[in-house]
There are 2 protein chains.
Amino acid sequence: MTTVTPWEVEGKVDYDKLMRDFGIQKLDTKILKRIEKITGKLHFMLRRGTFFAHRDLNWILDEYEKGNKLFLYTGRSPSGPIHLGHLLPWIFTKWLQEKFDVELWFQFPNEEKVLFKNNLDFDKGDKWMYENMLDIIALGFDPKKTHFIVDTYHADIMYKEACMVSKKITFSMVKSAFGFNESTNIGQIFYTTMQAVPAFLPSVIKNKNIPCLIPHAVDQDVHFRLTRDILPKLGYYKPASIQCFFLPPLTKGEGKMSSSDLSNAIYTIDSPKEVEKKIKKYAFSGGMSTIEEHRKLGGNPDIDIPFLYLKMLLEEDDTKLKKIEEDYRSGKLLSGELKQICIDKINDFLVEHQKKRKDAKKMIDKFIYKPEKKKLYENL
Amino acid sequence: MTTVTPWEVEGKVDYDKLMRDFGIQKLDTKILKRIEKITGKLHFMLRRGTFFAHRDLNWILDEYEKGNKLFLYTGRSPSGPIHLGHLLPWIFTKWLQEKFDVELWFQFPNEEKVLFKNNLDFDKGDKWMYENMLDIIALGFDPKKTHFIVDTYHADIMYKEACMVSKKITFSMVKSAFGFNESTNIGQIFYTTMQAVPAFLPSVIKNKNIPCLIPHAVDQDVHFRLTRDILPKLGYYKPASIQCFFLPPLTKGEGKMSSSDLSNAIYTIDSPKEVEKKIKKYAFSGGMSTIEEHRKLGGNPDIDIPFLYLKMLLEEDDTKLKKIEEDYRSGKLLSGELKQICIDKINDFLVEHQKKRKDAKKMIDKFIYKPEKKKLYENL
């Protein structure tokens, strides 16, 4: 069985079924052309279908072309270290920010995992949040246009809006959306309202309705389905979204890279040695079991983790990727050689990333949104 | 049938049954003596049993005598004007603040009524909150020791704590405590956590466990029963409480003065003429229907609204009150005369109160708690 919820992704994900079940649209050639018109060359995650679905993207492009600029909203719920799977949508988000020249509101719902995990408290979670922020900043977001909002820290501008959202959502709605029951704690029950807030907070702050585009992995769609139902009732636009696949875990070509299983993920702070060991030891291969067989029959890149990482995340150059794919399929490129290409690519990326991650420490404060604390009653 | 919930008080309240049902203790002679030892003369609301019940008061007096000072916590959920019934527990709270020389944390849960009433939004509610603050300040609280906290405005110090509380409360717990069901909105479901927060927020801020005493009307007990269950699990003391009867509505000697029925209440902004008219027209009388009968049989002060207002709120002097009571019972004092005494007392009070209420406008800002906005990561 396949499960895809914001808290669990189990089994082989049938993305076509997911699109039908969720009611999300495929990113087809026509809409990709529209994006290309604005951005120039399409990002490789669009060219290769890693970002594969959307909601209301045509509408938001209409608005954009009319001069009604959108803002981007994405997020990270901190509870552990960042792995390559986390970076995927953020790398794409950064590209969107640059190409559309827009603001990004980056939410850190630091209460979410505290509410959903028994063994996590705010102290631990907020330490991870700090580490996670370094990774995000290291990706090169523009500090002038990127605002980090942290649920508990910014609750003075968020909780009131969350209450407005909550007034429109009943227990039975979250029960069916998230599978809650009578034993669910009331923080979990309320939580989705806080995830809805950044989709209209900039509209509140700027006192005008601004279209919101949310790039995210498909498992978060359920939150935003609720958000889309509620926001028009509060006078705001439905947020549009653009959604991606999960980067698969190291050990098999299905499911989602998970932070809870250490052998399943490459972390941004892994050393070159660790990366090498993990890929060599754990990365699921689509190659044949002996060199002879491989030379004769060729490998299968479609289920090969090193190839999928190159395709989805690491090798932007289509020509290079195509050559790797053909050589692998023909048997010219061996599994070990493909793994080495992947290891080198990851390590090239991570050496650079880890340097930027260090520099990011000085920059966190620049990214944290600082609303002016208004007087409760302005006229006093 | 009698209903006593935080949102509804219907019918004649059987306070003895309430004490048994809620599991609250009577303020008996022994504990009143203990209070007297600390405060000197007992407040008339204690002498006359208007404050009639408590939880853990002996414990908090033990702590107080050991030098472990308590703080007071009470609140006002703004949705309309203040009437005499609201003032009753606050007048007593002010006395407690003076006699025990302690801090008072005064919560304005400005989201509560927005979540529970269809026709209230934050704009309207927050206008009422402003008006309500004037009434509270007019009672003479010490601005140096009194901190107003407003749920949405102070959510940056409250929401995180509310999440910690919420982690310990399931839907089935609030369902049975408040009579919620599947159609209850998720803001209502979460709300009780925010009402729990001021009971330990000073302990969080001062980083030490401080005993909390909550003076409140008995209908709020259910919130604090939940709070008392949860706080020890978070490492804080159970809050103690001291609880009062409701000031009865004008028209009958039962239930609770309500803001939703204009003829049932005397508002703090009523003019002397309005007060006179309301008391003469609406105040339920325990007198006989003719003067002759009244002279012969006497009146019944126990169900007489003007007398009950004098006893519960307006006439601090026991000797004077006793004389009024005796004269009324004997028939010497007529209903109209008793009403006039009550009218004069109310108007004396209100003229003074309305003056202080005007001066309070300049003082609101002094009362609003101003935490230093800390950096998210102090070491940055």
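Comments concerning helix H10 (residues 186-196) of chain A
Residue and element names in this part refer to chain A.
Phase 1: For H10, a buried count of 11 out of 11 residues is recorded, marking the element as mostly surrounded by other parts of the structure.
Phase 2: Here H10 has its buried residues at Ile186, Gly187, Gln188, Ile189, Phe190, Tyr191, Thr192, Thr193, Met194, Gln195 and Ala196.
Phase 3: Put simply, asparagine 185 is the residue that caps the front of H10, since its side-chain oxygen is 3.0 Å from the backbone nitrogen of glycine 187.

What to know about the interface of chain B and chain A
Phase 1: On the chain A side, the residues contacting the 51 residues of chain B number 51 residues.
Phase 2: In total, about 4,500 Å² of surface goes out of reach between chain B and chain A, with carbon and sulfur atoms giving 67% of it.
Phase 3: The largest per-residue losses of area from chain B upon contact with chain A belong to Tyr159, Lys167 and Ile186 of chain B, which jointly make up 17% of the total buried on that side.
Phase 4: Two residues, lysine 375 of chain A and aspartate 365 of chain B, come together in a salt bridge whose shortest N-O distance is 3.7 Å.
Phase 5: At the junction of chain B and chain A, the tally comes to 28 residue pairs in polar contact (both at pLDDT 80 or more).
Phase 6: Every element with two or more residues in the side of chain B that touches chain A is listed here: helix H6 (112-116), helix H7 (122-138), helix H8 (155-166), helix H9 (171-178), helix H10 (186-196) and helix H18 (364-367) of chain B.
Phase 7: When its residues are assigned to classes, the side of chain B that touches chain A shows 25 nonpolar, 12 polar and 14 charged.

Describing the environment of methionine 164 of chain A
Phase 1: With respect to the helices, strands and loops of the structure, methionine 164 of chain A is situated in helix H8 (residues 155-166).
Phase 2: When the C-alpha atoms of methionine 164 of chain A and lysine 66 of chain A are compared, they prove to be 30 Å apart, with 98 residues separating the residues in sequence.
Phase 3: With residues up to four places along the chain from it excluded, the contact list for methionine 164 of chain A reads Leu234 of chain A together with Val114 and Phe122 of chain B.

Re the state of the cysteines
Phase 1: By the definition in use, this model includes zero disulfides over all chains.
Phase 2: Note on cysteine 163 of chain A: no disulfide assigned, nearest cysteine sulfur contributed by cysteine 163 of chain B at a separation of 12 Å.
Phase 3: Judged by its relative accessible area of 1%, cysteine 163 of chain A is buried.
Phase 4: Counting only cysteine sulfurs, cysteine 244 of chain B is the nearest neighbor of cysteine 342 of chain B, a cysteine outside any disulfide, at a range of 18 Å.

So, how was this worked out
Residues numbered from 1 in each chain as written. Chains lettered and ligands numbered in written order. Predicted model: local features only at pLDDT ≥ 70, side-chain atom pairs only at ≥ 80, totals over all residues. Heavy atoms only, no water. Buried < 20%, exposed > 50% of the residue type's maximum accessible area, 1.4 Å probe, protein only. Helix = DSSP H or I, 4+ residues; strand = E, 2+ residues; numbered from the N terminus. Polar contact = N/O pair within 3.5 Å; in protein donor to acceptor, adjacent residues only side chain to side chain. Contact = heavy atoms within 4.5 Å. Buried area = accessible area lost by both parts, 1.4 Å probe. Salt bridge = Lys/Arg side-chain N within 4 Å of Asp/Glu carboxyl O. Nonpolar A, V, L, I, M, F, W, Y, C, P; charged D, E, K, R; others polar. Disulfide = S-S within 2.5 Å.

None of this, on its own, says anything about what the molecule does.
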